[in-house]
Amino acid sequence: MPVPLPGGIGLGLHWAWVPFFGFIFGAATIISLLVIWLAQGHPRYRSNESTVVYISDVGADNHALFIVLGTLTALLFFASIYLDYRLRHTYRIPTRVRRYERAASALSLIFAFICALGCILLTIFDAFAHPTLHWTFSGIFFVALLLSGLFNMIELGGLTRDYREDKATRLSFYIKVAIVIPGIIAIIILACLMKRCDDRTPAGQSDYITCNGDDSAAASLEWFVTTLFCLYIASMMLDLYPSRYTSTHRRNGAAPQELIQPTRGVVQPKSGFFGKKQKGGPMTKGTVPNGAMTYGEVPNVAMMSSTNGQVLPQNGSSMV
């Protein structure tokens, strides 16, 4: 049986502090590198570079800063996705009730790990000293990031149907759609521009002569996708913030009902990663793993039943 997570750190945000700091470090990476490049007079660090340089090139020129901030951002990003997976599994935030939601959550976590690893490695192997390795890891980072975001978006899409009264989940879903879809388009265009530039440049000739426009556009898209990455981390705050209502030291208070039960009837997964669903009929504490019915301190109601899609105690009293 999984060990329940503690309530998180204080000052009101609880586990939402993790994506908050991830966003801070990610934004610090982009802003600091951009300010450095502008303060230097927006130079071209190599003769074959375009007018607008890649963030990877500025990072390579400021390697130590790039490694520290990039690594911290990557670790906090993965920690945010892991916390989202874990808190839903332990019923601390709206939990997954369908198999495809559970599969999407697991895939999002796996690709988040690959994304974080790629991000760390692309900062270590910079674009100047190890260009092949750097752009290989950059490709892994971008693809894994989009796949993680896509599966997270699919999971949230299902949760918005299960928890129709949960505004935070619905808002998080819309924000991730607004981030992931443009990100997919931007990375496809970025890859096409880089490929076209490579094809148009004869061996031994500078890229600056043949495709400065395409390369500048590709570099701008890299800055744009990196910014979307930071916004994606920030959006995780909406997912983790509801855990404040179910933290250990708040269990004597009333948690929102949507954190306890879906609004579409009694549908709860049994123990296990892809366990079978329990549909309809009476449900007791024993039918839900980890004592989920006690999260948020639901009153002592032994059995619950579904009435017109709403979950109500059998004695007719209201839930907190």
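Everything in this summary refers to the structure shown in the same document. (Residues numbered from 1 in each chain as written. Predicted model: local features only at pLDDT ≥ 70, side-chain atom pairs only at ≥ 80, totals over all residues. Heavy atoms only, no water.)

Another point: the overall build of the chain. For the chain, the helix and strand inventory stands at 7 helices and 4 strands. Going from the N terminus to the C terminus, the chain shows its helices and strands as α-α-α-α-α-α-α-β-β-β-β. Taking all 320 residues of the chain together, the buried fraction comes to 49%. Pairs at least 24 residues apart make up 73% of the contacts formed inside the chain by residues separated by at least 6 positions. A total of about 14,400 Å² of accessible surface is found on the chain, and carbon and sulfur atoms cover 66% of it. (Helix = DSSP H or I, 4+ residues; strand = E, 2+ residues; numbered from the N terminus. Buried < 20%, exposed > 50% of the residue type's maximum accessible area, 1.4 Å probe, protein only. Contact = heavy atoms within 4.5 Å. Areas by Shrake-Rupley, 256 points an atom, 1.4 Å probe, with all protein chains shown as cover.)

With that settled, the discussion passes to the packing of aromatic side chains. The way to describe two aromatic rings as a pair is by their centre distance and the angle between their planes. If you walk through the whole model with that rule in mind, you get 13 aromatic pairs. With a centroid separation of 5.3 Å and an interplanar angle of 75°, the aromatic rings of Y54 and W135 are classed as edge-to-face. Taken as a pair, Y54 in the loop between α1 (17-39) and α2 (55-61) and W135 in helix α5 (residues 131-162) lie far apart in primary sequence, 81 residues in all. Ring geometry for F141 against F142: centres 5.2 Å apart, planes inclined by 55°, an arrangement best described as tilted. Judged by its relative accessible area of 5%, F141 falls in the buried class. With a relative accessible area of 8%, F142 lands in the buried category. The ring of F128 carries R46 above its face, with NZ or CZ at 3.8 Å from the centroid. (Phe/Tyr/Trp six-rings, centres within 6.5 Å; stacked < 30°, edge-to-face > 60°. Lys NZ or Arg CZ within 6 Å of the ring centre and 35° of its normal.)

Attention now moves to the environment of A144. Along the polypeptide, A144 turns up in helix α5. On the basis of relative accessibility, which here comes to 3%, the residue A144 falls in the buried class. Distance from A144 to S108, taken between C-alpha atoms, is 8.9 Å for residues 36 residues apart in sequence. With near-sequence residues (within four places) excluded, A144 lies in contact with F111, I114 and C115.

Next up on the list: empty space enclosed by the protein. The tally for this structure, following the rule as stated, stands at 4 cavities of 30 Å³ or more. By volume, the largest cavity amounts to about 210 Å³. Along its surface, the largest cavity is lined by 17 residues, and F66, C119, L122, F141 and T226 are the ones closest to its centre. When contributions to the lining of the largest cavity are tallied by element, the ones reaching two or more residues are α1, α2, α3 (63-89), α4 (99-124), α5 and α7 (207-240). By residue number, the principal contributor to the lining of the largest cavity is α7, which donates 4 residues. (1 Å grid on protein atoms, 1.4 Å probe; cavity = no way out; pocket = protein on both sides within 12 Å on 5 of 7 lines; lining within 4 Å. Points joined across faces, edges and corners; volume = space filled by probe spheres on them.)

Moving on, we get to the pattern of salt bridges. For the structure on display, the rule yields 7 salt bridges. Among the ionic pairs, E101 bridges to R98, the shortest N-O distance being 3.5 Å. We classify R98 as buried; its relative accessible area is 16%. The network of salt bridges with common partners includes D84, R88, E155, K176 and D239. (Salt bridge = Lys/Arg side-chain N within 4 Å of Asp/Glu carboxyl O.)

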